[in-house]
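# Geometric and topological summary
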Amino acid sequence: MFSSDVYIERRKKLRPGLPGGIVLFIGNQEVPFNYPANTYAFRQDSNFSYFFGLDHPDLVGLIDLDHDQEWIFGNDIDIDDIIWMGKQPTIKDQAALVGIVHSAPLKELKEVIRTACNQGRPIHFAPPYRGETILWLSDLLGIHHLEVGKRVSEPLVKNIIRLRMKKEAREISEIEKMVDVAYQMHTTAMKMAKPGIVEQEISGIIEGIAIAFGGAVSFPVILSINGQTLHNHNHGNTLKEGRMLVTDAGCENNFHYSSDITRTVPVGGVFNARQKGIYEVVLAANLKGIEAMKPGVPFRDVHLLAATEIARGLTALGIMKGNPEEAAAKGAHTLFFPHGLGHPLGLDVHDLEGMDENLVGYDNETIRSKEFGFSSLRFGRKLQEGFVMTIEPGIYFIPELINIWKRENKFAEFINYPVVEAYRDFGGIRIEDDVLVTADNHRVLGRPIPKTIQEIEEIMK
Ligand code: GLY
Ligand code: MN
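One structure accompanies this document, and this report is about it. In this text the structure is predicted, and so the values were computed from the model without any measurement. (Residues numbered from 1 in each chain as written. Chains lettered and ligands numbered in written order. Predicted model: local features only at pLDDT ≥ 70, side-chain atom pairs only at ≥ 80, totals over all residues. Heavy atoms only, no water.)

## A look at helix α14 (residues 399–408)
Within α14 the residues assigned to the buried category are Leu401, Ile402 and Trp405. In a view along the axis of α14, the buried residues occupy a sector of 100°, so they form one face of it. Seen from the buried face of α14, the exposed residues on the opposite side, beyond 90 degrees, are Glu400 and Arg407. Buried-residue contacts for α14 involve α15 (417–422). One or two positions beyond α14, positive phi appears at Asn409, with a value near 55°. (Buried < 20%, exposed > 50% of the residue type's maximum accessible area, 1.4 Å probe, protein only. Helix = DSSP H or I, 4+ residues; strand = E, 2+ residues; numbered from the N terminus. Arc of directions from axis to C-beta. Contact = heavy atoms within 4.5 Å.)

Here it is, written out as structure tokens:
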């Protein structure tokens, strides 16, 4: 974690614009996977991490706006726990690490919240996403668990988004270190991508690299020769010559700053002509998107630029036809590129997504589209200095989607269906980088990971 002054400053910056009351951050608890004492690896809540730093279960951070006090609630452990877990710092000592002087046992929290509620003081909290937290809030607030979501504090959520979207230099440095670990993950996957190996042999090794050099994977590894399935977590296929391997994987450090990188390589290490054709189009879209990243540019425009590049490239290959700008503006490319160009990255791999995607990614100026493809764009509003975004265009041949569009003769003026048929078994390609918006430009974070056809063929030799 960072030093205490970082968390003190962040909590101070959280307050403007909040009416009085209490701000409550419920940290995460351990989650069992098959019986109570056998738990998943502990993952702290990202908001708790951001404002209170501590990476232990069963902690609550509380800011009393009316009395200008900050508290950590948690239980000191007893000798029974010490036998199993070893000696642990007291809650008071943990609180001091993040600049907090007040601490109390968890059992006192309920009374504090009940008194505040009785006084009619607002209790501000962010959207809970775990059942345990929802039930805990339900108990603290004395309301049915289905009512909890309706009590989320919009002013708090907006302040959290304002702060967490703009990365501090120290955060950028942590994200960048995790891209460097992703370099190791991805180059290892490239070198292992030989015919006959099973996907899980590669995914297991690169997950190990994430754990060894970061702390954990930032999301379950996506690694598949069936890259046309966007989030393919099945790792049971055997690699075969002629297929492409999509690896979408990143890691997070011990206090949760993440990377998220995708590379696609030909099994065996040499691109055939068909693969080269599609790969160059995705690469051009990736580079076009990156080039457009700077403050003041709406990310929706960057998405459209990349989509247009895809339409242009596919038209050159004869897979699409007509005017590429018009095709992309109307959404004809979404048969091949049905997702958004990217998303914010930080303490969450889809940073802040739990806070309400539309509050994070859209505003009065930029309204979210409801059209197929464009509606998947999680973030559309203007970029600002300090934002870290992924740029991840892709081209996929999804047989089921092709069937539907073909049946409907959808966008027949832009899609060359007979040629599409020849690519039905192609799979998919995605290329993803992590990009910082700087004062007047952008910077691709971390050690460059082989991306051109030449670089990939070279490292796979
Ligand atoms: N890396 C997976 C995703 O961005 O959805
Ligand atoms: Mn991503």
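## Focus on the pattern of salt bridges
One pass over the structure, following the stated rule, counts 33 salt bridges. A salt bridge links Arg164 to Asp351; its shortest N-O distance comes to 2.9 Å. In this pair, Arg164 is assigned in helix α7 (residues 154–165) and Asp351 in the loop between α12 (324–330) and α13 (357–361), connecting sequence segments 187 residues apart. By relative accessible area, which is 2% here, Arg164 ends up buried. We classify Asp351 as buried; its relative accessible area is 2%. Its salt-bridge partner being Arg170, residue Glu168 comes within 2.9 Å of it at the nearest N-O pair. (Salt bridge = Lys/Arg side-chain N within 4 Å of Asp/Glu carboxyl O.)

## Considerations on a nonpolar patch on the surface
A cluster of nonpolar residues, Ile79, Ile83, Trp84 and Met85, forms a patch on the protein surface that exposes about 560 Å² of accessible area. Within the secondary structure, Trp84 is located in helix α3 (residues 79–85). (Patch = residues over 30% accessible without salt bridge, like charges linked within 9 Å, V, L, I, M, F, W, Y side chains within 5 Å. Areas by Shrake-Rupley, 256 points an atom, 1.4 Å probe, with all protein chains shown as cover.)

## Section: the sheet that holds strand β17 (residues 442–444)
As summarised here, the arrangement of the three strands in space is β13-β16-β17, forming an open sheet in which the pairing is antiparallel. Taken across any chain shown, the strands that pair with only one partner, and hence form the sheet edges, are β13 (388–391) and β17. Taken over all neighbouring pairs, the strand axes of this sheet differ in orientation by 30° on average, direction set aside. Note: β13 against strand β16 (residues 433–437), four bridges, orientation antiparallel. (Pairing = 2+ DSSP bridges. Axes fitted to C-alpha atoms, helices over the stretch in contact; angles between N-to-C directions.)

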